[in-house]
Amino acid sequence: MAVVAPSRVGSPWLAAWPVTAVFVLSNAPTPLYVLWQHRLGFSSGTLTVIFAAYIAGLLAALLVAGRASDRLGRKPVVLPGVLLALVACGLFAVATSVLALAVARLLAGIAVGITVSAGMAAVVDVGGRERARTSTLAASTAMVFGAGLGPLLAGALSETLPGPTVTIFVVAAVLLLSAAVVVIRLPLRRPVDSGAGGWVRVPAVPREQRKYVVLGIAVFAPGITSTSFVLSLGPALLASVLGTSNRLLAGATAFVMFGAATAVQFAAKRLEVRAILLAGAAAGVACMAALLVAVHAQWIAAIVVTAVLAGAAQGLGQLGGLTLISTHVPERRRAEANALVNFGGYLPAALLPVGTGYLSDALGIATGTTVFAAVLALSALTAGGIVWRSAR
């Protein structure tokens, strides 16, 4: 059994900076997809495949990163993740083909997979047991704030400065370099015992703690799938409703979405976990209703509401799931538990938007979006039922 030496207590908010920096890169390409689509001439289906390459890399990293972090320590795993993100920045900046974009997205996904398992566990470790909920809030809000800041910066810089597909990645590289310095200086210690067993496996936790992870996945999965839809097909939806491909508007929509995800977590931080999860499930259902109105009524306000509710659904599901882990899963299995929650959430976040993209190519964006909304609303309703029954 692996035993982790106690870390020196530090600032969880500073420890969360690498999470923010990596997530700035994660969604920075979002407003640029329309521009790359015009230059390279690929379809909506191909666009969602490029997006899914990111999630494929993320899922692959989750098979290794959580377990490796629990056995080797946080720094030896998190630092290579930041460096991979730097390589992805370079590839995005010089990409001239679909393959180059897919590889860059794959590397970014690997970096994010490392960050959501080992990086977020490091934030909780630095805060110490007494500040577990504060550290969880820091890690979770750092993730969604970075995820929203990236596309906003990308949209603004690409509309106002030369090199629309280059400048944002220079900025992201500078942020990542500063994040590498923070990682090196984190007050974390290596595990006393490196443990045993294989390095690659589907993340798992002890039987007595599985119910907490399942509850987190149930609500987080519909939420992260909602935001994945907005990120991958949101620009196309805006073009369909408004007849515009303005990159700043697409970036601002993503920023509003993740701004809502950040704000709702601060608002809900004092609530019981059950209430947080139930609110997340309700936000997921309401989000899909707003999405249907946006598509069929061609109403711009409904797109904004969809983005806000998608952010709320992800933020609440994420906060609830991570809080359950920080309070019920021991430190020596915490990164693997984080990996498991994200594995369960990001898998449908990859598959459903890709299927929707190809269905939209064949039958139109209205039909594809309607099917997506029906499936996800049912999933969110089911999640709410699971949380409600578990409390009883």
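The structure displayed is predicted, hence computed values, not measured ones.

Caption draft 1: Expanded view of the overall build of the chain. Each helix and strand counted, the chain has 15 helices and zero strands in total. Going through the 392 residues of the chain one by one, you find that 58% of them count as buried. Across the chain, contacts joining residues at least 24 apart in sequence account for 86% of those joining residues at least 6 apart. Element-wise, carbon and sulfur atoms account for 69% of the exposed surface of the chain, whose accessible area totals about 14400 Å².

Caption draft 2: Looking closely at the pattern of salt bridges. Within the structure shown, the criterion is met by one salt bridge. Across the pair Asp125 and Arg74 runs a salt bridge, and its minimum N-O distance is 2.7 Å. Placement of Asp125 in helix 7 (residues 98-127) and of Arg74 in the loop between helix 5 (65-72) and helix 6 (75-94) is noted, with a sequence separation of 51 residues between them. Arg74 sits in the buried class, given a relative accessible area of 6%.

Caption draft 3: Layout of the packing of aromatic side chains. Taken as a whole, this structure holds seven aromatic pairs when the rule is applied. A centroid spacing of 6.1 Å and a plane angle of 50 degrees characterise the contact between Tyr33 and Trp36, whose relative ring orientation is tilted. With Tyr33 and Trp36 both in helix 3 (residues 33-40) and three residues apart, this pair spans about one turn of that helix. Comparing Tyr33 with Trp36 shows no difference in burial state: the two are buried. Considering the side-chain rings of Phe229 and Phe372, the 4.6 Å spacing of their centres and the 20 degrees angle between planes classify their relative orientation as stacked. One end of the pair, Phe229, is in helix 10 (residues 210-242); the other, Phe372, is in helix 15 (residues 365-391), with 143 residues separating them in the sequence. According to the relative accessible area criterion, Phe372 is buried, its value standing at 3%. One aromatic cluster is present, formed by Tyr33, Trp36, Phe92 and Phe169 through successive ring pairs. Lying over the aromatic face of Tyr54, Arg105 brings its terminal NZ or CZ to 4.3 Å of the ring centre.

Caption draft 4: Inspection of the confidence of the model for the chain at higher detail. The share of residues in the chain with pLDDT of 70 or more is 88%, and the mean pLDDT across the chain is 84. Predicted confidence in the chain is weakest over helix 10, with a mean pLDDT of 80, and strongest over helix 9 (residues 167-185), with 95. Across residues 1-7, where pLDDT falls below 50, the model places 23 contacts with residues more than four positions away in sequence or in other chains.

Caption draft 5: Representation of helix 14 (residues 334-363) within the structure. Compared with the 44 Å implied by 1.5 Å per residue over 30 residues, the 44 Å span of helix 14 between its first and last C-alpha is a close match. The first or second residue beyond helix 14 is Gly364, which carries a positive phi of 105 degrees.

Caption draft 6: Spatial organisation of the nonpolar core. The biggest cluster of nonpolar side chains holds 98 residues, and the ones touching the most others in it are Phe23, Leu25, Phe169 and Tyr346. With 13 residues, helix 7 is the single largest residue contributor to this core.

Caption draft 7: Expanded view of helix 6. Here helix 6 spans 30 Å end to end across 20 residues, near enough to the 28 Å set by a 1.5 Å rise per residue. Val77, Val78, Gly81, Val82, Ala85, Ala88, Cys89 and Phe92 are the residues of helix 6 that are buried. Along the axis of helix 6, the buried positions cluster into a sector of 135 degrees, meaning they face one direction only.

Caption draft 8: Focus on the packing of helix 12 (residues 273-297) against helix 13 (residues 300-328). Two numbers describe how helix 12 lies on helix 13: the axes approach to 8 Å, and their chain directions differ by 155 degrees. Regarding the angle of helix 12 to helix 13, the classification is roughly antiparallel. Like other packed secondary-structure pairs, helix 12 and helix 13 cross with a definite hand, here left-handed. Partitioned by chemical class, the residues of the contact of helix 12 with helix 13 number 21 nonpolar, seven polar and no charged.

Caption draft 9: Inspection of the side chain of Thr369 at higher detail. You can see Thr369 is positioned in helix 15. Ignoring any residue separated from it by four or fewer positions in sequence, one finds Thr369 in contact with Phe229, Leu291, Val295, Thr356 and Ser360.

Caption draft 10: Main features of the environment of Val256. Residue placement: Val256 occurs in helix 11 (residues 247-268). On the basis of relative accessible area, Val256 is assigned to the partly exposed category, the value being 37%. When the C-alpha atoms of Val256 and Gly148 are compared, they prove to be 7.2 Å apart, with 108 residues separating the residues in sequence.

The rules behind each value
Residues numbered from 1 in each chain as written. Predicted model: local features only at pLDDT ≥ 70, side-chain atom pairs only at ≥ 80, totals over all residues. Heavy atoms only, no water. Helix = DSSP H or I, 4+ residues; strand = E, 2+ residues; numbered from the N terminus. Buried < 20%, exposed > 50% of the residue type's maximum accessible area, 1.4 Å probe, protein only. Contact = heavy atoms within 4.5 Å. Areas by Shrake-Rupley, 256 points an atom, 1.4 Å probe, with all protein chains shown as cover. Salt bridge = Lys/Arg side-chain N within 4 Å of Asp/Glu carboxyl O. Phe/Tyr/Trp six-rings, centres within 6.5 Å; stacked < 30°, edge-to-face > 60°. Lys NZ or Arg CZ within 6 Å of the ring centre and 35° of its normal. pLDDT = per-residue confidence, 0-100. Expected span 1.5 Å × (residues − 1). Core = buried A, V, L, I, M, F, W, Y, C linked by side-chain atoms within 4.5 Å. Arc of directions from axis to C-beta. Axes fitted to C-alpha atoms, helices over the stretch in contact; angles between N-to-C directions. Parallel < 35°, antiparallel > 145°, perpendicular 65-115°, else oblique. Left-handed = near helix turned anticlockwise from the far one by under 90°. Nonpolar A, V, L, I, M, F, W, Y, C, P; charged D, E, K, R; others polar.

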